[in-house]
Each structure stands twice: as C-alpha cells, then as structure tokens.
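# Summary of the model geometry
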Amino acid sequence: TNHAELIARLPKAELHLHIEGSFEPEMMMELAERNRIEIPFKTLEEAKAAYDFANLQEFLDLYYQGMNVLRTEQDFHDLTWAYLLRAKADNVRHVEMFYDPQAHTERGVAFGTVTEGILSALERGQQELGITSELIMSFLRHLSEDDGFALLDESKPWHDKFVGVGLDSSEVGHPPLKFERLFAKCRELGFKLCLHAGEEGPPAYVREALLDIGADRIDHGNRAMEDSALIEILRDSQTPLTNCPLSNLALCVIDDLRDSPLKAQLEAGLLVTVNSDDPAYFGGYIGKNYEAIQKALDLTDEQLVQLARNSFTASFLPDDEKARLI
Ligand code: HPA
Ligand code: ZN
C-alpha cells in the first residue's frame, strides 16, 4: 500500500510542538523587517546552513536567538496561525501546544502579549479550520525553581487557558526534582504535568518525572528504553511518550532514524505517539515525521493506525471527544 496516502488520510493529534519552534526562516526574515530588528542571516540558505546541530544545546542557542524577532501580539498570532495552516494540511484535528513565556518576558515582551497572540490564533483555528487545541505553559529548566514560581504567579489571570504545564530547555544537569515544589503546586492547581525527560538525560530523569513528580506525559523519553523495570512501569501505567523522530535525528539523540526506539516502544505496548517538536528547525511537520519513521522502521499500516489512535488516547481531551475523533 501507499503509506504516504494512509498517513495523509489519518486524523492525528499533535502533542509535542513548541510554537516558537515552528518559526520558519521566511517568516523570521519578514518579521525582522516589520520590527526593524537585525538578524544574523540574509538568505534562506544562510539560515538553513546554520540549522546543523550536534546536540540539544546547539539547537537551543539558535532557537532562543530566532524568537528574539517576535515582539508584538500580532507576531505571535501570525506565528501560531502559520503553524495551524500546516497542521491542517497534515490532517491534524487536535493540538496541545507548548510555549516558553520566560524566553519572551526575559527580553521584555509582556506575558499577556505573547499569550493573547497565541490564544487568538488558536481560537481562529477552531473557528476556521476545525482544529481543537490546548495550550501548555512550559518552564525553562535552565532557570531556577523560583523563576518558575514567578511565572506561575504572573500567569495567574490566564490559568483557566492552560490545560497543563511543561518543562523544557537544557536537560542534563537540570533534573525534574529541581522543580519538585513547583510541580506539586501546579498539580494542586489542577494542571496536567508534561515533562521533557530522557531526551539527552539519563533514565533516572524519566523515573523522577514519572514516580516523584507524577508526570501525566513524558516528552521524548527515549532513554527510558535503557531501564527494563521503567519500561514495565510505563506500560502498566500507559503513560504517554511523545516521540519526535526528526528532532531525535537533528539533535543527534540518534545517529540514524533506524535507531529510533519507536517501534520497540510500540511492540512493548507503550503508549507512544509521533510529533514534530520544532518543525521549522528539524526539517518537517508531523506528516513528514510519520513518513520518515515509517520508512526507517518499516512500520505496517496497522502500526501507523495505532500511532494515530495513540495520539488521541494520549491527549487531554475528554473521553467522549476522544471517542468522536479516533
Ligand atoms: N528539548 C528541550 N527543550 C526544547 C526542545 C526540545 O526538544 N524544543 C524546544 N525546547
Ligand atoms: Zn520538545
């Protein structure tokens, strides 16, 4: 059968997408001009040439530099809208989107400017494209727990707009337990907890996220596969893992897509999903991630259907909505 056709046809949910990571160089150049900001490249080719990463930190340095161009509510609206159009083209029906407010407030862009720009585009996506969405406010783990508490406080007027909170940025040296009190507070407030763990960090970080913090989802989770007891816990609890194949390849988490743990995770009965992470930087949106990993791991039609079903099962949609979308 034609896998690309099946992939295009399958309704999908995207659960691991950083909206700032969907900032395409074309739009970056456009907004740089609109906002009269200097950027370090003049052509698309120069931008793409810089997107050659040896690890997570090399990517993050460019990611934070790129978003410096985003200044106004309209910028955040336009960024989010452009992503939603691409998601629509890939038959995404539901998205649970991360954003990194601290990366904007730190450089003087107000929390409300960022958040309202994104929210108005998500609302428009629901109205005009029929894509439902949730927003996940992510804490930067290279900053302190107190910085996290300050963000939680600043975001208070918008708390009913977030389904959950996340933890991202530089992983090694910043274990989940650094944020134990913060996540306990977030849980108390009713937020779902989504933690990046086991992308570069050891299996112990996945254990902390799951067993000490009580994560509802593990983002990436690749290195959980080094710990057989942890694999059993993930299977028994059906805790979702949001795998990002092209991200793993671009950040050298794996040397080859054939080394992706995704098929082994499926075969072990884990609730694994396919996502794009930072598609403007890693070479493809969700459809391309499905296509690339299908090819590399020779996934069957049944496995592709399972992955798409998993994406809804692993979402924070209410059960009746899941049933309607699957
Ligand atoms: N890992 C950690 N932090 C991030 C990522 C990622 O893949 N993308 C954006 N922030
Ligand atoms: Zn991520």
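Criteria and cut-off values
- Residues numbered from 1 in each chain as written.
- Chains lettered and ligands numbered in written order.
- Predicted model: local features only at pLDDT ≥ 70, side-chain atom pairs only at ≥ 80, totals over all residues.
- UniProt positions renumbered as here; feature names shortened; annotations may be inferred.
- Helix = DSSP H or I, 4+ residues; strand = E, 2+ residues; numbered from the N terminus.
- Rg over C-alpha atoms; globule rule 2.2 N^0.38 Å.
- Buried ≥ 20, exposed ≤ 12 C-beta atoms within 10 Å, placed from the backbone.
- Near = placed C-beta within 6 Å.
- Nonpolar A, V, L, I, M, F, W, Y, C, P; charged D, E, K, R; others polar.
- Contact = placed C-beta atoms within 7 Å.
- Axes fitted to C-alpha atoms, helices over the stretch in contact; angles between N-to-C directions.
- Parallel < 35°, antiparallel > 145°, perpendicular 65-115°, else oblique.
- Left-handed = near helix turned anticlockwise from the far one by under 90°.
- Pairing = 2+ DSSP bridges.
- Right-handed = clockwise from strand over helix to strand, strands pointing away.

As recorded by an unreviewed UniProt entry, the protein carries the name Adenine deaminase and is attributed to Hyphomonas adhaerens MHS-3. Listed in UniProt under the heading Sequence similarities (unreviewed entry), the comment for the protein reads: "Belongs to the metallo-dependent hydrolases superfamily. Adenosine and AMP deaminases family. Adenine deaminase type 2 subfamily." Turning to the protein, the UniProt record has this under Function (unreviewed entry): "Catalyzes the hydrolytic deamination of adenine to hypoxanthine. Plays an important role in the purine salvage pathway and in nitrogen catabolism."

## Some points on the overall build of the protein
Regarding its fold elements, the protein presents 17 helices and 8 strands. For 326 residues, the compact-globule estimate of 2.2 N^0.38 gives 20 Å, and the C-alpha radius of gyration of the protein, at 18 Å, lies within 12% of that figure. Structurally, the protein occupies a C-alpha span of about 50 × 45 × 40 Å along its principal axes. Burial statistics for the protein: of 326 residues in total, 48% are counted as buried.

## Description of the site of ligand 1
All residues in the neighbourhood of ligand 1 are listed as H18, G21, L56, Y63, D168, S169, H196, E199, S247, D277 and D278. Tallied by class, the residues present in the shell around ligand 1 amount to 2 nonpolar, 5 polar and 4 charged.

## Digging into the UniProt feature "binding site: Zn(2+)" (unreviewed entry) in the protein
Mapped onto this numbering, the UniProt entry gives "binding site: Zn(2+)" (unreviewed entry) at H16, H18, H196 and D277. Taken along the chain, the residues just named run across 262 residues; in space they keep tight, none of their C-alpha pairs more than 11.8 Å apart. Note on placement: H18 falls in strand 1 (residues 12–18). On the basis of neighbour count, H18 is assigned to the buried category, with 26 C-beta atoms found within 10 Å. In this structure, H18 is in contact with F98, D100, D277 and D278, ignoring residues within four places of it in sequence. Counting through the fold element by element, H196 comes out in strand 5 (residues 192–197). Discounting chain neighbours no more than four positions away, the residues touching H196 are L167, D168, E171, D219 and H220.

## Here's the deal with the packing of helix 8 (residues 145–154) against helix 9 (residues 180–188)
Closest axis-to-axis distance for the helix 8/helix 9 pair is 9 Å, and the angle between their directions is 25 degrees. Taken together, helix 8 and helix 9 sit at an angle that is classed as roughly parallel. On the side of helix 8, the interface is formed by E145, G148, F149 and L152, while helix 9 contributes R181, L182, K185 and C186. Classifying every residue of the contact of helix 8 with helix 9 by side-chain character gives 4 nonpolar, 1 polar and 3 charged.

## Quick notes on the packing of helix 5 (residues 73–89) against helix 7 (residues 111–129)
When two helices pack together, their arrangement is given by the angle between their axes and by how far apart the axes lie. Where helix 5 contacts helix 7, the axes come no closer than 7 Å and their chain directions differ by 35 degrees. For the pair helix 5 and helix 7, the sense of crossing is right-handed. For the pair helix 5 and helix 7, contact is made by E73, Q74, D75, F76, H77, T80, W81, L84 and K88 and by T113, V114, E116, G117, I118, S120, A121, L122, R124, G125 and L129, respectively. Class assignment for the residues of the contact of helix 5 with helix 7 results in 8 nonpolar, 7 polar and 5 charged.

## A few points about the environment of L122
Among the secondary structure elements, L122 is positioned in helix 7. Placed 177 residues apart in sequence, L122 and L299 show a C-alpha to C-alpha distance of 32 Å. Setting aside chain neighbours within four positions, we find L122 in contact with T80, S133 and L135.

## As for the pairing of strand 6 (residues 217–220)
The sheet contact formed by strand 5 and strand 6 spans 4 bridges and is parallel. Within strand 6, the residue paired with L195 across the bridge is I218. As a crossover connection, the stretch from strand 5 through helix 10 (residues 203–213) into strand 6 is right-handed. One ladder, built from 2 bridges, connects strand 6 with strand 7 (residues 241–243); its direction is parallel. Looking across to strand 7, one finds that D219 is bridged to T242. After leaving strand 6, the chain enters helix 11 (residues 228–237) and then returns to the sheet as strand 7, a path that is right-handed.

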